[in-house]
Amino acid sequence: MTTLTAPGHAAAPAPAAPPRAASVFATFVGRSMLHTLRTPDALVMAIALPTMLMVLFTQVFGGAIAPGGGYVDYVVPGIILLCAGYGAASVAVDVATDMTTGVIDRFRTMPMRAETVITGHVVASLVRNLVATAIVIGVALLLGFRPSAGPIEWIGMGALVALYILAITWVFAAIGLAASNPEAANGYGFFLMFLPYVSSAFVPVDTMPEWLRWIAENQPLTPIIETIRGLLLGTYIGTSGWWALGWCAAFLAVGAVLTRVLFRAKAGRR
Amino acid sequence: MDAITVRGIRKSFGGTEVLRGIDLDVSAGTVFALLGPNGAGKTTLLGILSTLVAADAGTATVAGHDVAHEPEQVKRRISVTGQAAAVDQVLTGRENLRMMGRLSGLGRADAARRADELLDRFGLVEAAGKRVGTYSGGMRRRLDLAISLILAPPVVFLDEPTTGLDTRSRQALWDEIRALTANGTTVLLTTQYLEEADQLADRIAVIEHGVVVAEGTADELKARVGGEVLTVSDAAGAVLAELPTDGTVAGLRRALAGLGNADAASVSLRSPSLDDVFLAVTGSPATREPELALTKD
Ligand SMILES: Nc1ncnc2c1ncn2[C@@H]1O[C@H](COP(=O)(O)OP(=O)(O)OP(=O)(O)O)[C@@H](O)[C@H]1O
Ligand SMILES: [Mg+2]
């Protein structure tokens, strides 16, 4: 190709070769991990709050709820999910913060999939929350939690918890995109925090009034908690396992699709 | 060859037409400056050309590719420094440059080397390991500019690049821009500093209320304003009036006649500056902001 250029000027430089998708992904995950390490408040909250709740429920309320003891065994699965929820909520704030700064415009004008910046936050959240979950389980063991699970059950539980974290993190990412600023993202995220309380996490649902019981029995967290409880303690799982997988898949699909749509819709707007 | 062509670009935000049919051509390897008052639509036009914003009507090509139909091709050929800082506050300056280098397609080692080069060229070596959140406004701006020069792409967009820079940094950036164009890169920038446009730009367009109200080289634009500007000052040196003339003796007489009783004042003649151009071509009452017009009722 011959090109005419102004006299005295060199030919235009060659276009850039776009980065590989894998290195874009790795770069954004690295970025979000650095963010986590530099702002440890989120990590501390994700671990400290569920740990405190566990101490509160097992040591303070435990005696009244189950005078014969053993409440720690009942409550740990719920605390695990609570922990994942707290940790994932910070993704909404991370995403909203990115979307309100000029850096997102720069990402969008580079030859790569700018949405990967959100994937980076999601993956970092997954790692963060798995670490937090491990710590919370460690504390539970110290407090007298005695699961009957063998290696297969532990792996199954780990996989389900990871799937749940991933799903709820995508939902929070979408909330972060829908919110107009980081403070609003924080506020909306608070809603989802209440879900574990109206479930079988802390008390069996048959202790609740009729109407609340219907909600608690049919809300998504109950089958997930029952599945984790079954895997760890050998209680009856039944169809809860399928419901748990189904709900996680549904959250994942809704969160990921919504994230994609909102991310595109927000191009050029901050 | 034109590196950027803009034909009839229109854009409205919520019923307000911000760009009302822009036409521009920017030759490859040149610096083109967009001038215009606040709210004229400069940033919006840059947004459209850098694929961030979709135009309502019209076409634009950058480095030979249509911004609406081939955004991925355009993105491979541009870099952008927006009006708002586009840096990661949590990371350090060096981490920012390395990350953006990786995202621009450089390998790990190349990105690291390029980061160090740019830190040096933009006077950020000492601050390289500090978080950007602790940087001064000018340092952040310098980092922002350094990021958009990681690669030397065919087209560079700079939205008010020197706002907030000290004199030395501004001169250094001008040198960088000249070096870029010497290598064949085309630079489209906006600025509020008319001297900057005068020094740097091969061509200038003045935009107001979404239309191009003047376009040409700095000399052409100055010639449009007229011949010489008559400056009238009092004994203390304070400027009493600046009167554009058409450069003829008759024009000068007319200007002096309009002065009235100012026999003690001193006069001098100077060539028109871009400021004169700017004031002459913008601010026409017919196109004032609606809010301003409303307050008069
Ligand atoms: N996303 C948006 N939504 C609504 N209005 C917008 C949006 N972006 C820009 N505008 C409006 O468009 C007009 C032009 O804005 P623009 O930022 O392009 O001006 P500008 O020439 O860059 O001004 P400045 O010199 O102040 O940077 C302004 O009136 C602004 O309020
Ligand atoms: Mg602007």
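Because the structure is predicted, anything quoted here is derived from the model rather than measured.

A word on the domain arrangement of chain B
All names here are of chain B.
Right, on to step 1. For chain B, the assigned domains read domain 1 (2-221) and domain 2 (224-290).
Right, on to step 2. Taking only C-alpha atoms, the centre of domain 1 and the centre of domain 2 are 34 Å apart.
Right, on to step 3. On the domain 1 side of the contact with domain 2, L194, H209 and L221 bury the most area, a combined 44% of that side's loss.
Right, on to step 4. Connecting domain 1 to domain 2 are zero salt bridges.
Right, on to step 5. Here domain 1 and domain 2 share zero residue pairs in polar contact (both at pLDDT 80 or more) between them.
Right, on to step 6. Taken together, the elements giving at least two residues each to the side of domain 1 that touches domain 2 come down to α7 (194-200), β9 (203-208), β10 (211-216) and α8 (218-225).
Right, on to step 7. Considered class by class, the residues forming the side of domain 1 that touches domain 2 number nine nonpolar, two polar and four charged.

Let's talk about the pattern of salt bridges
Right, on to step 1. Using the criterion set out here, one finds 21 salt bridges over all chains in the structure.
Right, on to step 2. In this structure, the salt-bridge partner of B:E72 is B:K75, at a minimum N-O distance of 3.4 Å. Remark: B:K75 and B:E72 occur in helix α2 (residues 71-75); sequence separation between them is three residues, near one turn of the helix.
Right, on to step 3. The exposure class assigned to B:E72 is partly exposed, which follows from its relative accessible area of 43%.
Right, on to step 4. A salt bridge links B:D144 to B:R141; its shortest N-O distance comes to 3.2 Å. Taken together, the positions of B:D144 and B:R141, both in helix α5 (residues 137-148) and three residues apart, correspond to about one turn of that helix. Accessibility classification places B:D144 together with B:R141 in one group, the buried group.
Right, on to step 5. Taken together, the salt bridges that share partners define one network made up of A:R113, A:E115, A:R260 and A:R264.

As for the environment of A:G70
Right, on to step 1. Examined against the element boundaries, A:G70 turns out to sit in the loop between α2 (41-65) and α3 (71-99).
Right, on to step 2. C-alpha of A:G70 to C-alpha of A:P151: the two residues are 81 residues apart in sequence and 22 Å apart in space.

So, the coordination of the magnesium ion (ligand 2)
Right, on to step 1. Within the first shell, the magnesium ion (ligand 2) binds the protein through B:T43 (OG1) and B:Q83 (OE1), at distances of 1.9 to 2.1 Å. Of the two residues, B:T43 is situated in helix α1 (residues 42-49) and B:Q83 in the loop between β6 (78-81) and α3 (93-103); the sequence distance between them amounts to 40 residues.

Overview of the confidence of the model for chain A
Right, on to step 1. Of all residues in chain A, 94% attain a pLDDT of 70 or more, and the chain-wide mean is 85.
Right, on to step 2. Predicted confidence is poor over residues 1-7 of chain A, with pLDDT under 50, and the contacts of this stretch with residues over four places away or in other chains come to five contacts.

Some points on the pairing of strand β8 (residues 186-190) of chain B
Residue and element names in this part refer to chain B.
Right, on to step 1. With five of five residues buried, β8 lies mostly within the body of the structure.
Right, on to step 2. Relative to β8, strand β3 (residues 31-35) is paired through four bridges, and the arrangement is parallel. If you follow A33 over to β8, its bridge partner there is L189.
Right, on to step 3. Bridging between strand β7 (residues 155-159) and β8 involves five bridges; their strand directions are parallel. The residue bridging D159 from the neighbouring strand is T190, located in β8.
Right, on to step 4. In this region the chain leaves β7, passes through helix α6 (residues 167-182) and returns to the parallel neighbour β8; the handedness of that crossover is right-handed.

Focus: the interface of chain B and chain A
Right, on to step 1. Of the residues lining the interface, 42 residues belong to chain B; the matching set on chain A comes to 35 residues.
Right, on to step 2. Buried surface at the junction of chain B and chain A, summed over both partners, amounts to about 3,200 Å²; 61% is from carbon and sulfur atoms.
Right, on to step 3. Looking only at chain B, the three residues that lose the most surface to chain A are B:L52, B:R76 and B:L103, adding up to 23% of its buried area.
Right, on to step 4. At the boundary of chain B with chain A, the tally comes to three salt bridges.
Right, on to step 5. A salt bridge links A:R38 to B:E95, with the nearest nitrogen and oxygen atoms 2.7 Å apart.
Right, on to step 6. Here chain B is connected to chain A by nine residue pairs in polar contact (both at pLDDT 80 or more).

About the criteria used
Residues numbered from 1 in each chain as written. Chains lettered and ligands numbered in written order. Predicted model: local features only at pLDDT ≥ 70, side-chain atom pairs only at ≥ 80, totals over all residues. Heavy atoms only, no water. Domains from an automatic or database assignment. Buried area = accessible area lost by both parts, 1.4 Å probe. Salt bridge = Lys/Arg side-chain N within 4 Å of Asp/Glu carboxyl O. Polar contact = N/O pair within 3.5 Å; in protein donor to acceptor, adjacent residues only side chain to side chain. Helix = DSSP H or I, 4+ residues; strand = E, 2+ residues; numbered from the N terminus. Nonpolar A, V, L, I, M, F, W, Y, C, P; charged D, E, K, R; others polar. Buried < 20%, exposed > 50% of the residue type's maximum accessible area, 1.4 Å probe, protein only. Donors = N, O, S within 2.8 Å, 3.2 Å for Na, K, Ca; no water. pLDDT = per-residue confidence, 0-100. Contact = heavy atoms within 4.5 Å. Pairing = 2+ DSSP bridges. Right-handed = clockwise from strand over helix to strand, strands pointing away.

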